[in-house]
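Residues per chain, in single letters:
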Amino acid sequence: MMNCELCEQDGGEVIVKNQQLRVVLIDDANYPGFCRVIWNAHAKEMTDLAIADRSALMQAVCKVEQAVREVMHPDKINLASLGNMVPHLHWHVIPRYLDDAHFPQPIWAASTRASEQLEQKRARLPQLRDVLQSTFK
Ligand SMILES: [Zn+2]
């Protein structure tokens, strides 16, 4: 596809990459630990994938969710697949906290406060990278 940013770029700091997909860490000041699972080949919707591939993608999303829970200790995980801006299949895995900038709204809403304890959350990122890499070995 022409001009697809997820075909042309990694879309974040690549933590895991295999033949089918990659897991990237997003550099978002308000959301340390925000990961995306990106299907490598250009596909627009889940139903564009073969059933086995859908399953592989969801298994990867769940592995990332588990790692983010273990390391980031969020109050909630948000899983989202929108793709309105970039119609290339990817899942957002977002650790959410009662004191984050948008809670209980989606992170794409207008922020309601400054996120708290960002330093502490950012300090967990090296461990998150390690756990993700070992999860996918
Ligand atoms: Zn693409």
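Look up a bit, the structure's there.
So, how was this worked out
- Residues numbered from 1 in each chain as written.
- Predicted model: local features only at pLDDT ≥ 70, side-chain atom pairs only at ≥ 80, totals over all residues.
- Core = buried A, V, L, I, M, F, W, Y, C linked by C-beta atoms within 7 Å.
- Buried ≥ 20, exposed ≤ 12 C-beta atoms within 10 Å, placed from the backbone.
- Helix = DSSP H or I, 4+ residues; strand = E, 2+ residues; numbered from the N terminus.
- Contact = placed C-beta atoms within 7 Å.
- Pairing = 2+ DSSP bridges.
- Axes fitted to C-alpha atoms, helices over the stretch in contact; angles between N-to-C directions.
- Left-handed = near helix turned anticlockwise from the far one by under 90°.
- Nonpolar A, V, L, I, M, F, W, Y, C, P; charged D, E, K, R; others polar.

Engineer: Hey, could you run me through the nonpolar core in this one?
Structural biologist: Taken as a class, soluble globular proteins show a tendency for nonpolar side chains to be buried jointly. Judged by nonpolar contacts, the single largest core of 28 residues is most densely connected at Val23, Cys35, Val37, Val64, Val68, Val93 and Leu132. Mapped onto this core, the elements with two or more residues apiece are strand 1 (13–17), strand 2 (21–25), strand 3 (35–39), helix 2 (51–72), strand 5 (90–96) and helix 4 (125–135). Counting residues per element, this core draws most heavily on helix 2, at 8 residues. What Val37 contacts, discounting residues up to four positions off in sequence, is Leu21, Val23, Leu57, Ala60, Val61, Val64, His90, Trp91 and Val93.

Engineer: Looking at this model, I keep getting lost on the sheet that holds strand 1. Mind explaining?
Structural biologist: Adjacent strands of a sheet pair through backbone hydrogen bonds, lying either parallel or antiparallel. Spatial strand order, 1-2-3-5-4: 5 strands in an open sheet with antiparallel pairing. Either end of the sheet is taken by a strand with one partner, and the two such strands are strand 1 and strand 4 (76–80). Here the average twist between neighbouring strands, direction ignored, is 20°. Alignment of strand 2 against strand 3, held across 5 bridges, turns out to be antiparallel. Within the sheet, the bridge partner assigned to Val23 lies in strand 3 and is Val37.

Engineer: Whenever I open this one, the packing of helix 2 against helix 4 confuses me. Can you help?
Structural biologist: Between two packed helices, what matters for the description is the angle formed by their axes and the separation of those axes. Two elements in contact, helix 2 and helix 4, have axes separated by 9 Å at closest approach and are oriented at 145°. Regarding helix 2 and helix 4, the two cross each other, and that crossing is right-handed. Of the residues in helix 4, those in contact with Lys63, Val64, Ala67, Val68, Glu70, Val71 and Met72 of helix 2 are Gln127, Leu128, Val131, Leu132 and Thr135. A per-class count over the contact of helix 2 with helix 4 returns 8 nonpolar, 2 polar and 2 charged.

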